[in-house]
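Here is how the chains run, residue by residue.
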Protein chains: 2
Amino acid sequence: MTVKENLRPGGRSARVQASVHKAVRELMAEMSRAEVTIPLIAGKAGVTPSTIYRRWGDLQELFADVAVDRLRPDMQPVDAGSGKADLEAWAEQYAEEMSSGPGREMIRDVLAAQAGANACKCAGFTRQQIGVIAERAKARGEVFPDVDRVMDQVVAPIMYRILFADVPDAARVRDLVARVMGATD
Amino acid sequence: MTVKENLRPGGRSARVQASVHKAVRELMAEMSRAEVTIPLIAGKAGVTPSTIYRRWGDLQELFADVAVDRLRPDMQPVDAGSGKADLEAWAEQYAEEMSSGPGREMIRDVLAAQAGANACKCAGFTRQQIGVIAERAKARGEVFPDVDRVMDQVVAPIMYRILFADVPDAARVRDLVARVMGATD
DNA sequence: TCGTAAAAGCAAATTCTTTGCGTTAATAGG
DNA sequence: CCTATTAACGCAAAGAATTTGCTTTTACGA
């Protein structure tokens, strides 16, 4: 049931994984999530259903695997001149991406999977992005809050709202950033 | 696919719902989640599978429905003498319950369902509990932070950690409470 | 009491999932 | 360079879950 982490780039396993992931992404784009089935994915990917069942176990694990891939940041946080501006820009984009339709579904896919590793990985991505902003701020000689505190006071509230309530708007995100940047202790 | 909200207490629908919920809870107690199937639940509940399929749609929606029921608080927050003590006691218990094995599974069940209403309802329960603590504090003449702020700075970080990372320990929870109670703005 | 509509039962058809076995392909050792 | 080994895949049949049309039951209101 476990998906191999380090596949040789040219190996057969890697090719299968790539074509299955691609098939999932394409099918998700053209139909609702509930209509996507493993036989359908297998057909589009050019593999047999049993291959998918054996490698991923079930649809949820496969979806989670694909979602983590798509949630991996594709670039470093933009440099907006100061730590606060960097964090503000990053947080606004994060909130927007994550609260979009596809964003919410990817998060749900990640959380729905039995293996907690995927969710941890996502939090790791986020933490790393904030780490970059923090390092940059410190290199400039600025004071910048601990990464853990930013996770607690900015990332967690955004994600909580997305998951359990409404979509956080830009003003609220700025407010969260202002609060964590304003704290002096 | 939608489950009726207000069922007549003695009606047939209410009886079916009760027996199905009971069957789900019992089966979850005696076997792993992946082994619980709709035909199994139907058998235990004394209904036919098609009844469940028609009322809930699929296993995830049914699980979410049961989970919301179980996440509903069964009592008011205990009075520990002061707003801070109340919040501390409540938050510690909340963190403990939610990060337990069954707690995590219930949260995942709620979030995995397509209908976002269940998740909202859970956040509503939490908000209401905090509201009680806030009212009590204000009745005592204490200053107490806004409920939204407590949600952002205490509840959200706890939930984020449970979902995406590790289990928050009591010290960290106390730290979150201390911070939100210390803020003066 | 009777009519009505919503919900449940039943059962057949369809679709998905599991599994045993043979085959293929990548890797390591000679 | 060639062969042994092993992990992964394809195939196909068996088993289980899901869907659906139709009938029957039940609660509620006229």
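Conventions we followed
- Residues numbered from 1 in each chain as written.
- Chains lettered and ligands numbered in written order.
- Predicted model: local features only at pLDDT ≥ 70, side-chain atom pairs only at ≥ 80, totals over all residues.
- Helix = DSSP H or I, 4+ residues; strand = E, 2+ residues; numbered from the N terminus.
- Buried ≥ 20, exposed ≤ 12 C-beta atoms within 10 Å, placed from the backbone.
- Contact = placed C-beta atoms within 7 Å.
- Nonpolar A, V, L, I, M, F, W, Y, C, P; charged D, E, K, R; others polar.
- Least-squares fit on C-alpha atoms with pLDDT ≥ 70 in both.
- Core = buried A, V, L, I, M, F, W, Y, C linked by C-beta atoms within 7 Å.
- Expected span 1.5 Å × (residues − 1).

Trainee: How would you explain the overall build of chain A if you had to name every residue and give the values?
Mentor: Assigned secondary structure in chain A consists of 9 helices and 0 strands. Listed by position from the N terminus, the elements making up chain A come as α-α-α-α-α-α-α-α-α. In terms of principal-axis extent, the alpha carbons of chain A reach across some 60 × 35 × 25 Å. Scored against the burial criterion, the 185 residues of chain A give a buried share of 36%. Considering only contacts in chain A between residues 6 or more positions apart, those separated by 24 or more positions represent 61%.

Trainee: Outline the interface of chain A and chain B, listing residues and values.
Mentor: If you look at the interface, chain A gives 18 residues, while chain B gives 18 residues. Among the elements that line the side of chain A that touches chain B, the one with the most residues is helix α8 (residues 147-164) of chain A, at 9 residues. Looking at the side of chain A that touches chain B residue by residue, the classes come out as 15 nonpolar, 1 polar and 2 charged.

Trainee: Please give an account of the relation of the copies chain A and chain B that cites residues and values.
Mentor: Of the two same-sequence chains, chain A is brought onto chain B (RMSD 0.1 Å, axial shift 0.0 Å) by a rotation of 180°. This pairing of chains is accounted for by a two-fold axis. Same-surface contact between copies: 100% of interface residues of chain A are shared with the interface of chain B.

Trainee: Which residues make up the nonpolar core, and what values do they have?
Mentor: Val110 of chain A together with Val110 of chain B are the most contacted members of the largest nonpolar core, which totals 98 residues. Ignoring sequence-local partners within four residues, the contact set of valine 110 of chain B consists of Ala64, Ala67, Val68, Leu71, Asn118, Ala119 and Cys122 of chain B.

Trainee: Could you give me a rundown of helix α7 (residues 117-139) of chain B, with the residues and numbers involved?
Mentor: Here α7 of chain B spans 32 Å end to end across 23 residues, near enough to the 33 Å set by a 1.5 Å rise per residue. Here α7 of chain B has its buried residues at Asn118, Ala119, Cys122, Ala123, Thr126, Ile130, Ile133 and Ala137 of chain B. Looking at the buried side of α7 of chain B, the elements it contacts are α8 of chain A together with α4 (59-71), α5 (83-99), α6 (101-112) and α8 (147-164) of chain B. Looking one or two residues past α7 of chain B, glycine 141 of chain B carries a phi angle of roughly 90°, positive in sign.

Trainee: Lay out the environment of serine 100 of chain B in plain terms, naming residues and giving numbers.
Mentor: Residue and element names in this part refer to chain B. Mapping serine 100 onto the fold places it in the loop between α5 and α6. The class of serine 100 is partly exposed, set by 13 C-beta atoms lying within 10 Å. Each C-alpha atom of the pair serine 100 and valine 167 lies 8.7 Å from the other, and the pair is 67 residues apart in sequence.

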